[in-house]
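# Structural description and commentary
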Amino acid sequence: MIEKTFPITEKLLSNGFKFTQKLFELLTSEFEQLKRKTDPIALSTLATNKKEVVSQLEQFSKQLGQVLATEKLPLNQEGVMSYLAKAKAADISTDESLQHWREITALLTKCRSLNEQNGASIDLLNRHIQRSLQILRGKSQLTSTYGPDGSTRSMLFSHTLISV
């Protein structure tokens with residue numbers, strides 16, 4: 001059976017690698033945009049493009065899982081490595097596919113880290129925006145302070161700096 005499914009797997013891994021590269025490029029661009037804090041339209045476009053690439057990666061994952069299921073293997077690192085080992089045992093050249101899989105897993109690790117950094121930056125920017133809007137709208141703010149014993153307490157500040 002592996003002789004029939006391996007050409008499909010080879011193409012899937014090649015495409016998966018391309019999608020992973022694209023996601024990494026988009027996350028890197030998003031990181032740079034957030035660092036410069038310049039263009040919200042560019043960030044929106046990047047977010048849309050990321051959704052498309054993630055959708056393609058989900059499809060890749062689903063299809064790879066189906067191929068692995070033909071050999072009764074799970075969709076994980078061990079499953080893919082076992083599949084490639086079976087292909088090699090059947091005298092199929094797996095060098096390129098193995099390289100693609102290794103690059104996919106390495107890039108996805110970098111993507112996860114970049115995505116977490118970008119998410120934290122977006123969360124911080126969102127908090128600043130929300131706080132600025134509250135100040136401009138003249139709404140009260142709840143602020144945490146420390147008491148003499150080190151315990152925290154919240155104080156309600158009701159005076160506004162500016163009202164629109």
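Attention here is on the structure that accompanies the text.

Cut-offs applied
Within any chain, residue numbers begin from 1 and follow the written order of that chain's sequence. Side-chain atom pairs in this predicted model are given and counted only at pLDDT of 80 or more, local residue features only at pLDDT of at least 70, and totals for whole chains, interfaces and linings cover all residues. Side-chain measures were taken over the full set of non-hydrogen atoms in the model, leaving aside hydrogen atoms and water. Note on definitions: angles span 0 to 180 degrees between N-to-C directions of axes, and those axes are lines fitted to C-alpha atoms, for helices only across the stretch in contact. The helix count covers DSSP runs of H or I at least four residues long, the strand count covers runs of E at least two residues long, and both are numbered beginning at the N terminus. Here the angle decides the label: under 35 degrees means roughly parallel, over 145 means roughly antiparallel, 65 to 115 means roughly perpendicular, and every other value means oblique. If you view the pair so one helix is near and one far, a crossing is left-handed when the near helix is turned anticlockwise from the far one by less than a right angle, and right-handed when it is turned clockwise. Charged means Asp, Glu, Lys or Arg here, nonpolar means Ala, Val, Leu, Ile, Met, Phe, Trp, Tyr, Cys or Pro, and polar covers whatever is left, Gly included. Only heavy atoms matter for contacts: two residues are in contact if any of them lie within 4.5 Å across the pair. We call a set of buried Ala, Val, Leu, Ile, Met, Phe, Trp, Tyr and Cys residues a nonpolar core when their side-chain atoms join them within 4.5 Å. Burial classes: relative accessible area under 20% of the type maximum marks a residue as buried, over 50% as exposed, and values in between as partly exposed (1.4 Å probe, protein chains only). Within this document, salt bridges are pairs made up of a side-chain nitrogen of Lys or Arg and a carboxyl oxygen of Asp or Glu, the two lying within 4 Å of each other. Aromatic pairs are defined between Phe, Tyr and Trp rings, using the six-membered ring for Trp, whenever the two ring centres lie within 6.5 Å; interplanar angles under 30 degrees are classed as stacked, those over 60 as edge-to-face, and all others as tilted.

Orientation of helix α1 (residues 2–36) relative to helix α2 (residues 40–70), taken along the N-to-C sense of each, is 155 degrees, at an axis distance of 9 Å. What the angle tells us is that α1 and α2 run roughly antiparallel. Of the two elements, α1 crosses α2, and the hand of that crossing is left-handed. Taken together, the residues of the contact of α1 with α2 sort by class into 17 nonpolar, 10 polar and three charged.

Our next topic: the packing of helix α3 (residues 77–89) against helix α4 (residues 95–137). In contact at an axis separation of 10 Å, α3 and α4 are set at 170 degrees when each is read in the N-to-C sense. Judged by the inter-axis angle, α3 sits roughly antiparallel to α4. Together, Gln77, Val80, Met81, Leu84 and Lys88 of α3 and Asp95, Ser97, Leu98, Trp101 and Thr105 of α4 make up the contact between the two elements. Across the contact of α3 with α4, the residue classes tally to five nonpolar, three polar and two charged.

In this section: the nonpolar core. One broad rule of soluble globular proteins: the nonpolar side chains tend to lie buried together. Formed by 27 residues in total, the largest nonpolar core has its most connected members in Phe60, Leu64 and Tyr83. When residues no more than four places from it in sequence are discounted, the contact partners of Leu64 are Thr9, Leu12, Leu13, Leu75, Val80 and Trp101.

If you walk through the whole model with that rule in mind, you get four salt bridges. Across the pair Lys86 and Glu71 runs a salt bridge, and its minimum N-O distance is 3.5 Å. Placement of the pair is Lys86 in helix α3 and Glu71 in the loop between α2 and α3, with a sequence separation of 15 residues. Take Lys86: its relative accessible area is 37%, and that puts it in the partly exposed class. With a closest N to O distance of 2.5 Å, Arg127 and Asp123 form a salt bridge. Separated by four residues within a single helix, Arg127 and Asp123 lie in helix α4, roughly one turn from each other. Judged by relative accessible area, Asp123 falls into the partly exposed class, the value being 34%.

A full pass over the atoms with the stated rule returns one aromatic pair. Between Phe6 and Tyr83 the ring centres are 6.3 Å apart and the planes differ by 15 degrees, which places this aromatic pair in the stacked class. Taken together, the residues Phe6 in helix α1 and Tyr83 in helix α3 connect sequence positions 77 residues apart. The class for Phe6 is buried, based on a relative accessible area of 3%.

Read these as layout, nothing more, since geometry by itself doesn't imply function.
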